[in-house]
Amino acid sequence: MATVQLQSPTSRHVHGERSPLRPAERVGAVAAYFGLVYRRTWMGSVFSRFVMPLLFLLAMGIGLGSLVDDASGGVDGVPYLLFVAPAMIAVQAMMTAVSESTYPVYGLFTWNRMYHSMLATPLTVSDLLLGHLAVIAAQGGFAAAAFVLVAALFGSFTSWWVLLAVPIGVLVTLAFAVPLFGFTARAKGDSSFNVVYRLVITPLMLFSGAFFPVERLPIVLEVLAWVTPLWHGVELCRAAAHGSFAPFDLVHLAVLVLFVGAGWLYARTGMTRRLVS
């Protein structure tokens, strides 16, 4: 397991007096640790982060897309590839968040108890949460950027505004990762994550407008899609991919920010109860 040297609270001196670590230093130390861990294990995530979305793009955007285009002229007048590819950026962000915020985080609570070890230093629960989430957000941004680059080679986007899909991908990553930290902190066992994958993540991927408009769903499912972060992320990524932003996109942005903010309270409370109380 990678290690990062943490300064003790008395290791810094200002004008000859002892001074505690600043918050930015504490968060940076946590981020440095998880960044080092990721640099040593990133090869294991290549297939799920990059190859799988590319296969989806080839199968759904080009394979199935050619059939859809021939039969109906695309979706809402847009070639199916241009409809699906931007959505995959948001889907990719969701999958990155889920893979990094469930089993790995649970292991830090139970299997190697690294969080407990970190709290034996000057770090706080908020430091752990911020530092770890910063690395996950960076992973989400890197994955989004890589997918944008690859998909652009297929002519999947029509506007340079697609570059904004990268920070949108980061926001979608956090909209899932932050609440999932709270769920994981409260999980009694790792079997809980099977429920998350099967009953939450898979339905979201299929019914949040990634592969067909939510307007074609039954009204109950359409309303459910409206209150999920993935649908809002998909809509924002499509707007960026084609430079078609509208005033309502501010609502999509606000909902994602709301998920991050509410998720922070949920996650911090859960981690505090598990690690401190």
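Residues numbered from 1 in each chain as written. Predicted model: local features only at pLDDT ≥ 70, side-chain atom pairs only at ≥ 80, totals over all residues. Heavy atoms only, no water.

1. A word on the pattern of salt bridges
Here's step 1: Overall, the coordinates contain three salt bridges when judged by the stated rule.
Here's step 2: The closest approach of N and O atoms between Arg22 and Glu25, which form a salt bridge, is 3.7 Å.
Here's step 3: Its relative accessible area of 47% is what places Arg22 among the partly exposed residues.
Here's step 4: For Glu25, a relative accessible area of 24% puts it in the partly exposed group. (Salt bridge = Lys/Arg side-chain N within 4 Å of Asp/Glu carboxyl O. Buried < 20%, exposed > 50% of the residue type's maximum accessible area, 1.4 Å probe, protein only.)

2. Side note on unusual backbone geometry
Here's step 1: Residue Arg113 is not a glycine yet carries a positive backbone phi of 55°.
Here's step 2: With respect to the helices and strands, Arg113 occurs in the loop between helix H4 (103-109) and helix H5 (114-119).
Here's step 3: What makes Arg113 partly exposed here is its relative accessible area of 43%. (Helix = DSSP H or I, 4+ residues; strand = E, 2+ residues; numbered from the N terminus.)

3. Some remarks on the side chain of Thr173
Here's step 1: Topologically, Thr173 is positioned in helix H7 (residues 165-186).
Here's step 2: Discounting residues that sit within four places of it in the chain, Thr173 has contacts with Ala93, Ala97, Ile136 and Gly140. (Contact = heavy atoms within 4.5 Å.)

4. Re helix H11 (residues 249-275)
Here's step 1: Over its 27 residues, H11 extends 38 Å from the first C-alpha to the last, a length consistent with the 39 Å expected when each residue adds 1.5 Å.
Here's step 2: Those residues of H11 that fall on the buried side of the exposure criterion are Asp249, His252, Val255, Leu256, Gly263, Ala267, Gly270, Met271 and Leu275.
Here's step 3: Buried residues belonging to H11 abut H4, H5, helix H6 (125-152), H7 and helix H10 (229-242). (Expected span 1.5 Å × (residues − 1).)

5. What about the packing of aromatic side chains?
Here's step 1: If you walk through the whole model with that rule in mind, you get 10 aromatic pairs.
Here's step 2: Measuring from centroid to centroid gives 6.1 Å for Tyr80 and Phe83, while their planes differ by 25°, and the two rings are stacked. Of this pair, Tyr80 and Phe83 are both found in helix H3 (residues 80-101), three residues apart, which corresponds to roughly one turn of the helix.
Here's step 3: On the numbers, 5.3 Å between centres and 80° between planes, the contact of Tyr106 with Trp111 is edge-to-face.
Here's step 4: Exposure remark for Trp111: the relative accessible area of 55% places this residue in the exposed category.
Here's step 5: Within the aromatic cluster, the residues linked to one another by ring pairs are Tyr103, Tyr106, Trp111, Phe183 and Phe193.
Here's step 6: The ring of Phe83 has Arg238 sitting right over it, with the charged end atom 3.6 Å from the ring centre. (Phe/Tyr/Trp six-rings, centres within 6.5 Å; stacked < 30°, edge-to-face > 60°. Lys NZ or Arg CZ within 6 Å of the ring centre and 35° of its normal.)

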